[in-house]
Amino acid sequence: MHVCLRIAEILDLIIGFMVDDTHEPDKFCRIRHQDLARLARTCKAFKDPALDVLWRTQSSLSPLIRCLPSRLRTTKRYWGRRVVSLRKEPSHEDWFRLQRYSHRIRAFDHCSRSPRPVCKNTLDTVFSPNLSQKLFPSLRTLDLAVVGYGSMFLVPHSFLVINSASLPQLVRLTFATSYKSSCKLPPIHFKPACAPSLEALTINVRDGFDPVIVNFGDFPRLRSLNLSDLPFHPFHGGWELIHLQYLCDLTVTLPDGFDIDVHSSTQPVFPSLQRLSVSVGSLNQVTNLLLSTTSSDLSSVKVSCRSPATQSDIHALFRAIERNNERSPNLGTLQVHCSSTISSIPILPVKPGDPSYDLSRSTLAPLLACHHLRVLKLDVLGELGIDDAFVARITLAWPDIEVLHLFGSSQCIPRVSLGGIHELLQRCQRLRSLYIQIDGTTVPEGEPEMRSLSLETLDLCLSCLPNVQGVRRYVRILAPKLKSLIL
């Protein structure tokens, strides 16, 4: 064998051609498992690097259990599915031989293969306190639903298993479980001893549960927290949560009675927060939260409101964002959604033409101070007071805007013309997605003077378009690289 193939970096590069390491959202890494297995059997120099990649991410424990002798394992039916289970308890030597593969596992997460799950008793055995740390010394990511819980077992079982495990290197943990039952289930206590190094936690619990009890003060290293699907009542440990020193990403559903103003403390509130995604019962909740936040790095705010938001509520929110932008001029993403069904909770209808839900130009003006805005999605119940003059102000305030979605009432009278769209695309040359209502009564004669090479999506739904074909032709010339056009 050539001496170059003994260099680890070169071997990693060769093996990398067998891995589709995608970074796109909602997609996972695809590995050519058979080719990697063949490469591992080629020679000793290839064995360890190939096995490291082959075992790095698993979506079940069954490939590991099937490495045990056949006398120790079996396959049986459980709830109509075939699952892998232990026939009898493996010896210490059997577990020791299994470590040659298990110590390479860094994640139990979604991957391109979907092997059979394992039974409940096998999970209990593998994640027992004395065994889990020895088998998985390198495990950093664990999704309990992927490992085999979810619909197969009672939900509390997954929490009991992880609480009894010992995974000192674990940094990302996901509970994504659901169980419908007529009986009331007890609160679930999540203990920090199982994962003292935890940095990212997702808790997704629904259908008949009392809140998950977490003392967030016991997880000082938390940087990412997703509590989006917890029930709508005060979550336990919430006050410790707002003081986490390193928390950067927070996704949370605030209960209707939550008010940060009732909690008086001299400690900083969300001192490191960068991205906030929140569902609220009232827009004033997130407004007060933003006014209390001490972070100077806030770059993304996403808000879903479960009740109608009036002009004064939205104006107060925009003023809070403007004030926060003075301290932290890094806001790049703002999404405010308060007009339709959110999380299966229908928003109460409002009286058509009610001016209290209309947004005037002065209401929107505070956002013009956010000069680093890249993404703005605004969906409200009332009429948006946007015209060509305000569009001109937008082009000056947000020259680098990439996504601009402005949705108002279906009964509003659009005031933005095709000329305004032309000016917007001319000055905002990075704009790639635009949703807006326009008045297309007048279609400019001749071809546009410029072309937008960045715009890919244009939604003019609910616009006033007497001459649809004329608007379509003009827009296609204005944005020749348009992939999606909705009129």
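Residue numbers run consecutively from 1 along every chain, following the written order of its sequence. Per-residue local features of the predicted model are confined to residues with pLDDT of at least 70, and side-chain atom pairs are confined, for both listing and counting, to 80 or more; whole-chain, interface and lining totals are unaffected and use all residues. Only hydrogens and water are set aside; all other atoms, that is, all heavy atoms of the structure, feed into the side-chain values.

S.K.: Which parts of the structure should I look at to understand the confidence of the model for the protein?
M.R.: Predicted coordinates in areas of low pLDDT are best not read in detail. The predictor attaches a confidence to each residue, and that confidence, scored 0 to 100, is pLDDT. For the protein, mean pLDDT is 83; residues scoring 70 or higher make up 83% of the total. Model confidence for the protein, summarised as mean pLDDT per element, is weakest for helix α9 (residues 155-164) at 61 and strongest for strand β19 (residues 433-435) at 97. Note on residues 149-155: pLDDT is under 50 here. Beyond four places in sequence and across chains, it has 27 contacts. Residue contacts are defined here by distance: any two heavy atoms, one from each residue, within 4.5 Å place the two residues in contact. Predicted confidence is poor over residues 231-235, with pLDDT under 50, and the contacts of this stretch with residues over four places away or in other chains come to 14 contacts. Every helix listed is a DSSP run of H or I at least four residues long, and every strand listed is a run of E at least two residues long, numbered separately from the N terminus.

S.K.: Looking at this structure, how should I read the packing of aromatic side chains?
M.R.: Each pair of aromatic rings is reported with the distance of its centres and the angle of its planes. Each aromatic pair joins two rings of Phe, Tyr and Trp (for Trp, the six-membered one) with centres within 6.5 Å, and gets the label stacked for planes under 30 degrees apart, edge-to-face for over 60, and tilted for any other angle. Tallied over the full model, the rule gives four aromatic pairs. Arranged with centres 5.3 Å apart and planes meeting at 25 degrees, the rings of Trp55 and Tyr101 form a pair that is stacked. Taken together, the residues Trp55 in helix α3 (residues 44-55) and Tyr101 in helix α5 (residues 92-102) connect sequence positions 46 residues apart. Each residue is assigned to one of three classes by its accessible area relative to the maximum for its type, calculated with a 1.4 Å probe on protein chains only: buried under 20%, partly exposed between the two thresholds, exposed over 50%. For Trp55, a relative accessible area of 8% translates into the label buried. Assessed through its relative accessible area of 22%, Tyr101 is described here as partly exposed.

S.K.: Looking at this model, I keep getting lost on the packing of helix α15 (residues 418-427) against helix α16 (residues 468-478). Mind explaining?
M.R.: When two helices pack together, their arrangement is given by the angle between the helix axes and by the axis-to-axis distance. Helix axes are fitted to C-alpha atoms over the stretch in contact, other axes to C-alpha atoms as well, and angles between N-to-C directions run from 0 to 180 degrees. With their axes 12 Å apart at the nearest point, α15 and α16 run at an angle of 10 degrees to one another. With respect to their mutual orientation, α15 and α16 come out roughly parallel. Where α15 abuts α16, its residues Leu418, Ile421, His422 and Leu425 lie against Val471, Tyr474, Val475 and Leu478. Here the residues of the contact of α15 with α16 are counted per class, giving seven nonpolar, one polar and no charged. Roughly parallel means an angle under 35 degrees; roughly antiparallel means over 145; roughly perpendicular covers 65 to 115; every other angle is labelled oblique. Throughout, the ten residues Ala, Val, Leu, Ile, Met, Phe, Trp, Tyr, Cys and Pro are labelled nonpolar, Asp, Glu, Lys and Arg are labelled charged, and all others, Gly among them, are labelled polar.

S.K.: I tried to follow the pattern of salt bridges on my own but got confused; where do I start?
M.R.: Side chains that differ in charge, positive against negative, can pair when their charged atoms come close. When a carboxyl oxygen of Asp or Glu lies within 4 Å of a side-chain nitrogen of Lys or Arg, that pair is called a salt bridge. What the rule picks out here adds up to 12 salt bridges. Linking Asp94 and Arg97 is a salt bridge whose minimum nitrogen-to-oxygen distance equals 2.5 Å. Separated by three residues within a single helix, Asp94 and Arg97 lie in helix α5, roughly one turn from each other. Relative accessible area serves as the criterion here: at 5%, Asp94 is assigned to the buried category. Overall, the relative accessible area of 40% leaves Arg97 in the partly exposed class. Between Glu402 and Arg432 there is a salt bridge, with its nearest N and O atoms 3.7 Å apart. Residue Glu402 is located in the loop between α14 (388-397) and β18 (403-407), and its partner Arg432 is located in the loop between α15 and β19; the two are separated by 30 residues in the primary sequence. Accessibility expressed as a relative area gives 23% for Glu402, which makes it partly exposed. Judged by its relative accessible area of 38%, Arg432 falls in the partly exposed class. Several salt bridges converge on common partners, so that one network encompasses Asp48, Asp52 and Arg104.

S.K.: Honestly, α14 in this entry has me stumped. Any pointers?
M.R.: At 3.6 residues per turn, the α-helix brings residues three or four places apart onto the same side. Listed as buried for α14 are Phe390, Val391, Ala392, Ile394, Thr395 and Ala397. The secondary structure elements touched by the buried residues of α14 are α13 (361-364) and α15.

S.K.: Mind showing me how you'd approach α5 here?
M.R.: For α5, the set of buried residues is Asp94, Trp95, Leu98 and Ser102. Along the long axis of α5, the arc covered by the buried residues comes to 90 degrees, so they all point the same way. Of the residues in α5, the exposed ones pointing more than 90 degrees away from the buried face are His92 and Phe96. Contacts from the buried residues of α5 go to α4 (62-65), β5 (81-86), α6 (120-126) and α7 (129-135). The arc refers to the directions leading from the helix axis to the C-beta atoms.

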